[in-house]
Amino acid sequence: MKEKLIDLFEYTYHSNKEMIKIISENISKIDDKTIGLINHTLNAQQIWNSRIVGEKTFEVWQINSFENLEEINHEIFLRSIRIIENSDFEQKIEYQNSKGNKFENSIFEMLFHTINHSTYHRGQINSLLKQNGIEPLLTDYIFYKR
């Protein structure tokens, strides 16, 4: 299981990295919504990691310095890998969402949600890229594995 989750986080890291790159290469055509979504995608992964390990989280919609996004993506990826390597996936974690509501989920559920959430928002970013005349990226998992 750990190897499969690591593979999925490597895919997520790679796809986020490619999104950051295409946004950077086309920054003059990029709108604020796209910038907000790439930040939110990374912020959310940091937030879920931090919930698992009990650390301070980013804000859900905070805008990070664009120049730091690659580094943030890399640091979040490394944290995710450490969590996978050192966690009992069945362990339940209590946390509060951004609205202050309390929930409890297993580490596996939280990690899987992170992957799925990132994929969802990359799809939204691709739609915005296309609307702005930029060729969308092929970020489906199967393309990554080919």
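Worth saying up front: this structure is predicted, and the values here are computed from it rather than measured.

1. Here's the deal with the pattern of salt bridges
- Counted under the stated rule, the structure contains two salt bridges.
- Here Lys145 ties to Asp7 by a salt bridge, and the two come within 3.0 Å at their closest N and O atoms. Taken together, the residues Lys145 in helix H5 (residues 141-145) and Asp7 in helix H1 (residues 2-25) connect sequence positions 138 residues apart.
- The partly exposed category is assigned to Lys145, whose relative accessible area is 44%.
- A relative accessible area of 14% places Asp7 in the buried class.
- Note that Glu55 is salt-bridged to Arg79, the shortest N-O span being 2.8 Å. In this pair, Glu55 is assigned in the loop between helix H2 (32-53) and helix H3 (69-86) and Arg79 in helix H3, connecting sequence segments 24 residues apart.

2. So, the packing of H2 against H3
- Contact geometry of H2 with H3 gives a least axis separation of 10 Å together with a crossing angle of 30°. Compared by their axis directions, H2 and H3 come out roughly parallel. The hand of the H2/H3 crossing is left-handed. Contacts between H2 and H3 involve Ile38, Asn39, Leu42, Gln45, Gln46, Asn49, Ile52 and Val53 on the former and, on the latter, Leu69, Ile72, Asn73, Ile76, Phe77, Arg79, Ser80 and Ile83.
- Among the residues making up the contact of H2 with H3, the classes are represented as nine nonpolar, six polar and one charged.

3. A closer look at the UniProt feature "binding site: a divalent metal cation" (unreviewed entry) in the protein
- Feature annotation in UniProt places "binding site: a divalent metal cation" (unreviewed entry) on His40, His117 and His121, given in this structure's numbering. For the annotated residues, spread through 82 residues, the largest C-alpha to C-alpha distance comes to 10.0 Å, consistent with a single compact locus.
- Mapped onto the secondary structure, His40 falls in helix H2.
- On the basis of relative accessibility, which here comes to 7%, the residue His40 falls in the buried class.
- Setting aside residues no more than four positions away along its own chain, His40 makes contact with Val60, Trp61, His117 and His121.
- Its location among the elements puts His121 in helix H4 (residues 107-131).
- Engagement of the side chain of His121 in a polar contact is seen with the side chain of His117, the distance being 3.1 Å.

4. A look at the pairing of strand E2 (residues 102-106)
- Summarising the sheet, strand E1 (residues 92-96) and E2 pair through five bridges and their orientation is antiparallel. Within E2, the position partnered with Glu94 by the bridge is Glu104.
- Connecting E1 to the antiparallel partner E2 that follows it, the hairpin turn spans five residues, and Gly100 within it adopts a positive phi of roughly 90°.

Rules and cut-offs
- Residues numbered from 1 in each chain as written.
- Predicted model: local features only at pLDDT ≥ 70, side-chain atom pairs only at ≥ 80, totals over all residues.
- Heavy atoms only, no water.
- Salt bridge = Lys/Arg side-chain N within 4 Å of Asp/Glu carboxyl O.
- Helix = DSSP H or I, 4+ residues; strand = E, 2+ residues; numbered from the N terminus.
- Buried < 20%, exposed > 50% of the residue type's maximum accessible area, 1.4 Å probe, protein only.
- Axes fitted to C-alpha atoms, helices over the stretch in contact; angles between N-to-C directions.
- Parallel < 35°, antiparallel > 145°, perpendicular 65-115°, else oblique.
- Left-handed = near helix turned anticlockwise from the far one by under 90°.
- Contact = heavy atoms within 4.5 Å.
- Nonpolar A, V, L, I, M, F, W, Y, C, P; charged D, E, K, R; others polar.
- UniProt positions renumbered as here; feature names shortened; annotations may be inferred.
- Polar contact = N/O pair within 3.5 Å; in protein donor to acceptor, adjacent residues only side chain to side chain.
- Pairing = 2+ DSSP bridges.

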